[in-house]
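# Summary of the model geometry
One-letter residues, chain by chain:
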Amino acid sequence: MTTAPDHACPAGPVRPRRALAQPSPRRAAMLLSAALSLAALLGPQPAQAAAPNPADKPNATQLKTILQSAPGKPSVHGYVVDLDSGAVVLDLGGAVGITPASVSKMFTTATAALTLPMNERLVTRVLASPVKKGKVRAVALVGGGDMSLKYRHLAKLADAVAKAGVRRVGTLVADTTLFDRAAPRGFNEKLTDSSYRAPVDALNVDQGTVVIAALRGPKLGAPPVIQITPPSAAIVVDNTAKMVKGKTRGLRIRTVAGKGGKTRVEVRGVMGMKRARIVAGRRRVENAALHAGHAFLRMLKDRDIRVGRLAFASATRGRFAKGLKELASHRSESLYGLMRFCNRFSHNGYAETFFKLIGARVIGAPGTCAKGEAAVRKTFAQAGIDWSTVRLGNGSGLYHANKFTAKSVVQLLTAMHKAGKKGQRWRQSLAIGGAEGTLRRRLHGAATYRKIFAKTGTLDDVTALAGYAFGQGRRYAFALFYNRVKGPAYRFRRVHDRFLTALLDPTGRLTPPKVNKPVKKAKSPRKRGAKRPAKPRKRGKATKPRAGSKRRKSRGRTKNK
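First things first, this report covers the structure right here in the doc. (Residues numbered from 1 in each chain as written. Predicted model: local features only at pLDDT ≥ 70, side-chain atom pairs only at ≥ 80, totals over all residues. Heavy atoms only, no water.)

### Some words on unusual backbone geometry
Cis geometry marks the peptide bond from Thr229 to Pro230; its omega dihedral reads -5 degrees. Structurally, Pro230 can be placed in the loop between strand 7 (225–229) and strand 8 (235–239). Here the bond from Ala365 into Pro366 is cis, since omega is 0 degrees, no more than 30 degrees from zero. As for its position among the elements, Pro366 is in the loop between helix 7 (348–363) and helix 8 (369–379). The backbone phi angle of Ala101 is positive, close to 55 degrees, even though this residue is not glycine. You can see Ala101 is positioned in the loop between strand 2 (88–92) and helix 3 (105–115). Phi angles above zero are rare outside glycine, and Leu443 is one such case at about 60 degrees. Relative to the helices and strands, Leu443 resides in the loop between strand 15 (431–432) and strand 16 (452–459). The exposure class of Leu443 is buried, given its relative accessible area of 6%. (Helix = DSSP H or I, 4+ residues; strand = E, 2+ residues; numbered from the N terminus. Buried < 20%, exposed > 50% of the residue type's maximum accessible area, 1.4 Å probe, protein only.)

Now the structure itself:
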């Protein structure tokens, strides 16, 4: 059965139309003026995309030459597929195993997009037993895997406990049983205290990090005052620095593992008395759940609530579960909002939390890295990916725990392209060329602006870019990788940008030619000790004094300058 197009007339008799009266000249002028005013207000409208020209197909030889023009001798890999025809546009080492860096986040978030409700909000709850004369047997802080939970959110939960009339708590229970307590696989390859290597837990605060600042000490020789935000008993300060004269900024601050899972902040060196504050930045903690539990304990005590002890256990099973009811809660923004931040700004903590969350939802709690990998494989079992060439050690791609091929990444992109509205929404969460996320300062040309949806990846020896290129009536999925790179990453990113420009604009119609600016001759260096040549003095024309005026002789006075 065929259906009529939208513009077809319905069946039935057609009545003759009356002739429309012609407007008067004055009314026609008014309508024309109104139309011109409306057009000026709306501005120029985008032209409709033209149908693809068969002669504008990308040249595989040209693309290969561009990709191989990177400086040095890196390992070069590229794979490009036309999403409409399914044809392979470029295969340059596409089946060779490589280190993908943060491109790994695409596997994690794509699985989350297909398996989790994108409008869901992650909940951190406070449960309490009945209040009797200001006393409660237990208060439980239950982590729901909210990677965006901040210090101010915990403070509001503590305010709710105080507002409920609680003045004494027998046991504060920190429930982190949704995830395991292990660090993501591969995170111990480099033992740096940078925030991008922070631990991941179902209950954390400020993504498992603290901000460390040094304030001026009271006198010379005294140690500077160390300020930790958020404060907790899980952070121990080891400060041997001293205050000295002047503006010296010779402080060395780092965080290391302490006893019992605590974090030790080592402060060494000197700080000048003329400096009021030195911020050491955001550093990782050793145990995210321990720090969050002690931070909440500190907040309760600051509100004059006495707490007997802190315990890490389940609030829904075991001896603490009896009689607990929800007292307050904090809800994160939607999972899609969290995913968009993760993809566009390549946040490791968000990605690792998503990795354990999909493991807990698809395979079963507690969420682990192994279950996260199993969830990805199960979700994309029918995508045609050769899983023997894929290893997902963690969900963020930090260091060298993961192994992909360029072809497997494009197969994932192709599967998400065919996933309907969920796949389209996931694509919109990626960085956008020239506009959003990690690509906002790149790909500003007419051929690529807002036409690239991709994920970047960078390590000391890896520069990568993978995603979608939509333009000139064509749609491509691509994966570009450099391994064993040496030197700054921007030199390899420029090659990727040239590649995508040639992919979407093979004839160069949208790409203006580069203008070679004239090179200025460099001045010959002056020898050390040589005198500068004296410049000739400019002499103006002699002027006669005005009639009746006399020049006043100087008597040692100076002019105001």
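Continuing now.
### Side note on the sheet that holds strand 6 (residues 209–215)
Strand order in the open sheet formed by three strands is 7-6-12, with antiparallel pairing between adjacent strands. On the outer flanks of this sheet lie strand 7 and strand 12 (277–284), each paired with one strand and no other. Neighbour-to-neighbour, the strand axes of the sheet open up by a mean angle of 20 degrees, direction not taken into account. Strand direction decides the pairing type here: strand 6 and strand 12, joined by seven bridges, are antiparallel. Its bridge partner lying in strand 12, Thr209 is registered against Arg284. (Pairing = 2+ DSSP bridges. Axes fitted to C-alpha atoms, helices over the stretch in contact; angles between N-to-C directions.)

### Quick notes on the sheet that holds strand 2
Spatially, the six strands line up as an open sheet ordered 2-1-18-17-16-15, and their pairing is antiparallel. The strands lining the two open edges of the sheet, one partner per strand, are strand 2 and strand 15. Direction of pairing for strand 15 relative to strand 16: antiparallel, over a ladder of two bridges. Bridge pairing in strand 16 places Ile432 opposite Phe453. In this fold helix 9 (residues 406–417) packs onto strand 1 (75–82), strand 17 (462–471) and strand 18 (474–483), with an angle of close to 150 degrees to the strand it touches most, strand 18. (Contact = heavy atoms within 4.5 Å.)

The analysis is restricted to geometry; functional conclusions fall outside its scope.
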